[in-house]
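Structural characterization, general
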Amino acid sequence: MTAPTASGPAAAPPSVTVDLGGRTALVTGAAGGIGRACALRLAAAGAKVRAVDRAADGLAELVERASGLPGTVEAHVLDLTDLDAAETAAAGTDILVNNAGLQLVRPIEEFPPDVFHTVLTVMLEAPFRLIRGALPHMYGQGWGRIVNLSSVHGLRASAYKSAYVAAKHGLEGLSKTAALEGAAHGVTSNCVNPGYVRTPLVERQIADQAAAHGIPPEAVLTDVLLKDSALKRLVEPEEVAEAVLYLCTPQASFITGTSLTLDGGWTAH
């Protein structure tokens, strides 16, 4: 067996049988990366998935790719900075996956205030509004699953990522609060905390980090992003989706208010 490299092996196909038939799930940032993998995995388990993103073309590709799965994927084109629309979109959902995010790597003194505001709006305030919109239905039926895609940066900080780190730390607190309030109503709330995932966001971040550190892009992966990771590869979106799915299973009903870390040992230091 060859050792995994920084490029990473292809993720194994789904092997766990989960039946989410009759459940409605909403996934934000569903047009690509982790969101797309989550939408497909939940649909493969039989859920009716509302795929939310502002990228109409990406959502159309997702819907086409989901054709033939036990569940369904419906495209909902939505910019999460429209907070009222976000809250309305979450009504009637059984499973809420808050995944949408954006990143900019800059020193604090050079970080554009408008971008900081947008990051906090999309990655913290929108999840609050989505949870707020989803809870009445979840409470009414006595069952619900909230899964917040956090990050190792929800647990640790890194330089040059002030907005992202602030948003993810806030999301951790929001998730725990939802867990405490939802426990009596059969609703769990947890974070999934991946390390660096093979997504367009990380690919853009490599270019930003190269500029910030003054090193070639090819050195960013090995010398910056994976420097403190025991496993020297990126996480695959499908691996993250399996963790999200697990938190929706009956076997995970006692897991709430916590963070499930998939970081290859990054936070073990």
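Look up a bit, the structure's there.
Residues numbered from 1 in each chain as written. Predicted model: local features only at pLDDT ≥ 70, side-chain atom pairs only at ≥ 80, totals over all residues. Heavy atoms only, no water.

As a further point, take the overall build of the chain. Across its full length, the chain holds eight helices and seven strands. For the chain, whose C-alpha radius of gyration is 18 Å, the value lies close to the compact-globule estimate of 18 Å for 269 residues. Seen through its principal axes, the chain has C-alpha atoms that stretch 55 × 50 × 35 Å. Per-residue burial over the chain gives 50% buried out of 269 residues. In the chain, of all internal contacts separated by at least 6 residues, the share reaching a separation of at least 24 is 75%. Of the roughly 12200 Å² of accessible surface on the chain, 57% is carried by carbon and sulfur atoms. (Helix = DSSP H or I, 4+ residues; strand = E, 2+ residues; numbered from the N terminus. Rg over C-alpha atoms; globule rule 2.2 N^0.38 Å. Buried < 20%, exposed > 50% of the residue type's maximum accessible area, 1.4 Å probe, protein only. Contact = heavy atoms within 4.5 Å. Areas by Shrake-Rupley, 256 points an atom, 1.4 Å probe, with all protein chains shown as cover.)

This part is about the packing of aromatic side chains. Considering all chains together, one arrives at one aromatic pair under this definition. Between phenylalanine 111 and phenylalanine 116, the aromatic rings sit 6.1 Å apart at their centres with planes inclined by 85°, giving edge-to-face as the arrangement. We classify phenylalanine 111 as buried; its relative accessible area is 9%. With a relative accessible area of 32%, phenylalanine 116 lands in the partly exposed category. (Phe/Tyr/Trp six-rings, centres within 6.5 Å; stacked < 30°, edge-to-face > 60°.)

This paragraph deals with the nonpolar core. In this structure, Leu20, Leu42, Val49, Leu62, Val97 and Val192 are the most contacted members of the largest nonpolar core, which totals 37 residues. At the level of elements, β1 (24-28), α1 (33-44), β2 (48-53), α2 (56-65), β4 (95-98), β5 (144-149) and α8 (237-246) are the ones that each hand at least two residues to this core. The greatest single-element share of this core, amounting to seven residues, is contributed by α1. When near neighbours in sequence (up to four residues on either side) are disregarded, leucine 20 contacts Leu42, Ala45, Gly46, Ala47, Ile95, Leu245 and Cys248. Val52, Leu83, Ala90 and Leu120 belong to the second-largest nonpolar core, a separate cluster that totals 29 residues. (Core = buried A, V, L, I, M, F, W, Y, C linked by side-chain atoms within 4.5 Å.)

For the rest of this paragraph, the subject is the pattern of salt bridges. Opposite charge on two side chains makes pairing possible when the charged atoms of those side chains draw close. In the structure shown here, the tally under the stated rule is nine salt bridges. The partner of arginine 198 in a salt bridge is glutamate 236, and the shortest N-O contact between them spans 3.0 Å. Note that arginine 198 is positioned in the loop between β6 (187-194) and α6 (200-213) and glutamate 236 in the loop between α7 (217-225) and α8, a separation of 38 residues in sequence. A relative accessible area of 8% places glutamate 236 in the buried class. (Salt bridge = Lys/Arg side-chain N within 4 Å of Asp/Glu carboxyl O.)

Right, let's talk about α7 for a bit. For α7, the complete set of buried residues consists of Ala219, Val220, Leu221 and Leu225. Of the surrounding elements, those touching the buried residues of α7 are α6.

Its location among the elements puts leucine 174 in helix α5 (residues 162-182). Overall, the relative accessible area of 19% leaves leucine 174 in the buried class. For leucine 174 and histidine 76, which are 98 residues apart along the polypeptide, the C-alpha to C-alpha distance reads 24 Å. Ignoring anything within four residues of it in the chain, the contact list for leucine 174 reads Leu124, Pro127, Phe128 and Ile131.

Sheet strands pair by backbone hydrogen bonding; their relative direction is either parallel or antiparallel. The sheet built from seven strands is open, its strands ordered β3-β2-β1-β4-β5-β6-β7 with parallel pairing. A single partner strand is all that each edge strand has here, and the edge strands are β3 (72-77) and β7 (259-262). On average, each strand axis in the sheet is tilted by 20° relative to the strand beside it, whichever way the strands run. (Pairing = 2+ DSSP bridges. Axes fitted to C-alpha atoms, helices over the stretch in contact; angles between N-to-C directions.)

This next bit is on the packing of α6 against α7. Here α6 crosses α7 at 90°, and the two axes come no closer than 9 Å. Viewed along their axes, α6 and α7 adopt a mutual orientation that is roughly perpendicular. Of α7, the residues touching α6 (which contributes Val202, Gln205, Ile206, Gln209, Ala210 and His213) are Pro217, Val220, Val224 and Leu225. (Parallel < 35°, antiparallel > 145°, perpendicular 65-115°, else oblique.)

What follows covers the side chain of threonine 249. When you line up the elements, threonine 249 lands in the loop between α8 and β7. Looking at threonine 249, its side chain comes within polar contact range of the main-chain oxygen of tyrosine 246, at 2.6 Å. For threonine 249, the residues in contact, after removing those within four places along its chain, are Val18 and Arg145. (Polar contact = N/O pair within 3.5 Å; in protein donor to acceptor, adjacent residues only side chain to side chain.)

Its 14 residues give α6 an end-to-end C-alpha distance of 20 Å, which sits within 8% of 20 Å, the value for a rise of 1.5 Å per residue. Residues of α6 that are buried make contact with α7. With its phi angle positive at about 70°, glycine 214 sits one or two positions after the end of α6. (Expected span 1.5 Å × (residues − 1).)

Mapped onto the elements, serine 189 comes out in strand β6. A distance of 2.9 Å separates a polar side-chain atom of serine 189 from the backbone oxygen of serine 175. Beyond its immediate sequence surroundings of up to four residues, serine 189 is in contact with Ile146, Asn148, Ser175, Ala178, Ala179, Thr256, Gly257 and Thr258.

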